[in-house]
Amino acid sequence: MIDRFSSYSLLPHNTFGMDVKAAQFIEFTTVEDAISIAKELGGRKHLVIGGGSNLLFMGDYDGVVLHSAIKSVEVVGETDDSVSVRAGSGINWDEFVAYTVAQGWQGLENLSAIPGEVGASAVQNVGAYGVEAGNFIEKVEAISLLDASLNVFTKEECAYAYRDSIFKNSEKGKNVITHVIFKLNKKPDFVLSYGNLKEQCEAMGGVTAENIRAAVCATRAAKLPDPAELGSAGSFFMNPVVDAVKAEELKNIYPEMPIYPAPGGVKLSAGWLIDRCGWKERSAERVGVYRNQALVVVNLGGATGKDVMDFATRIRESVKEKFGVEISPEVNVID
């Protein structure tokens, strides 16, 4: 089924709470629908969205917004050690994580309580607590918006990196994802290296996928605002990666600074850098930094995309001045 709307409010489709409209909004429930839409798009300006949890609209969108409502889940492969699960792109991400944990499949529990949908997880390569979605993605199925053909991207072709994928680069805007196939573990292989996750689980009675999920959910609830009450896109900035020399230089000056190994260098905590610049709970009229997490920029009510970006620029400049480190937005800015 295909639903079409004109001059459609995107307020329910972006967690930042931007009251903007799309010239046209199209939602589909099957692969056949997606093919039909791709054939009729005809090169028109378009945007594919999921739950809108990582979007910042700068104003009304004068094109076509596409949204998948494909919500099927099926097992497409299984061994003694793993299971391959094909999930519809329109499934709520946290509901999917909860489902995998309930089935006894392991791997995604660290990614609990992340807002958004399954399709967007494959674009953004969502990550938390030492795990990224790309670690477990086997294939991504999509319909080309250029010629309506079926594209199947392997894990390697997706080119996953920190909050990055081929869908944010050479394939940006060229496909609408219909399904994501995840290869999950059937035997314990937990990641407990971030924060006090292990201690939290042990306090609950032991390290299990269920307890990891519960701990992550509790931590995120304590640190992040409820979008229904305070608009945000979660973590606004990505954690910067610097070379070992720069990391050692900063560590000598700030011994308490958290650092983590990362491909290509050393990952710093953007939240820690922002906090040390004195931004936590600071605001500028309609925009501010969340009281419990310096990494989160919030809409205090009635903010525009420009308000948010101007405020974020001030944060970036202060971190650069104090630490000599560039931090970049994780949020996708939509003009």
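What counts and what doesn't
Residues numbered from 1 in each chain as written. Predicted model: local features only at pLDDT ≥ 70, side-chain atom pairs only at ≥ 80, totals over all residues. Heavy atoms only, no water. Helix = DSSP H or I, 4+ residues; strand = E, 2+ residues; numbered from the N terminus. Rg over C-alpha atoms; globule rule 2.2 N^0.38 Å. Buried < 20%, exposed > 50% of the residue type's maximum accessible area, 1.4 Å probe, protein only. Pairing = 2+ DSSP bridges. Axes fitted to C-alpha atoms, helices over the stretch in contact; angles between N-to-C directions. Expected span 1.5 Å × (residues − 1). Arc of directions from axis to C-beta. Core = buried A, V, L, I, M, F, W, Y, C linked by side-chain atoms within 4.5 Å. Contact = heavy atoms within 4.5 Å.

Novice: Tell me about the overall build of the protein chain, and please be specific about residues and values.
Specialist: Within the protein chain, the regular secondary structure consists of nine helices and 20 strands. Against the 2.2 N^0.38 benchmark of 20 Å for 335 residues, the protein chain shows a C-alpha radius of gyration of 20 Å, consistent with a compact globule. Counting only C-alpha atoms and orienting by the principal axes, one finds that the protein chain spans roughly 60 × 50 × 35 Å. The buried share of the protein chain, taken over its 335 residues, is 50%.

Novice: So what's going on with the sheet that holds strand β6 (residues 73-78)? Which residues, and what values?
Specialist: Pairing in this open sheet of five strands is antiparallel, and the strands run β6-β7-β12-β10-β11 from one edge to the other. A strand with exactly one partner marks an edge of an open sheet, and here the two such strands are β6 and β11 (150-154). Along the sheet, successive strands turn relative to each other by an average axial angle of 20°, direction set aside. As judged from the seven bridges shared by strand β7 (residues 82-88) and strand β12 (residues 175-185), these two strands associate in the antiparallel manner.

Novice: Just give me the short version of helix α9 (residues 305-323), but keep the residues and values in it.
Specialist: For α9, spanning 19 residues, the distance from its first C-alpha to its last is 27 Å, which sits close to the expected 27 Å at 1.5 Å a residue. Among the residues making up α9, those that are buried are Gly 305, Val 308, Phe 311, Ala 312, Ile 315, Ser 318, Val 319 and Phe 323. Each buried residue of α9 sits inside an arc of 160° when the element is viewed along its axis, so together they form one side. Facing away from the buried side of α9 by over 90 degrees, the exposed positions are Lys 306, Glu 317 and Glu 321.

Novice: Report on the nonpolar core, specifying residues and quantitative values.
Specialist: Residues Phe 236, Phe 237, Ile 274, Val 297, Val 308, Ile 315 and Phe 323 are the most contacted members of the largest nonpolar core, which totals 46 residues. Top element by residues in this core is α9. It accounts for six residues. In this structure, Ile 274 is in contact with Phe 237, Trp 279, Ala 294, Leu 295, Ile 315, Val 319 and Ile 327, ignoring residues within four places of it in sequence. In this structure, Leu 108, Ala 122, Ile 177 and Val 180 belong to the second largest nonpolar core, which totals 38 residues.

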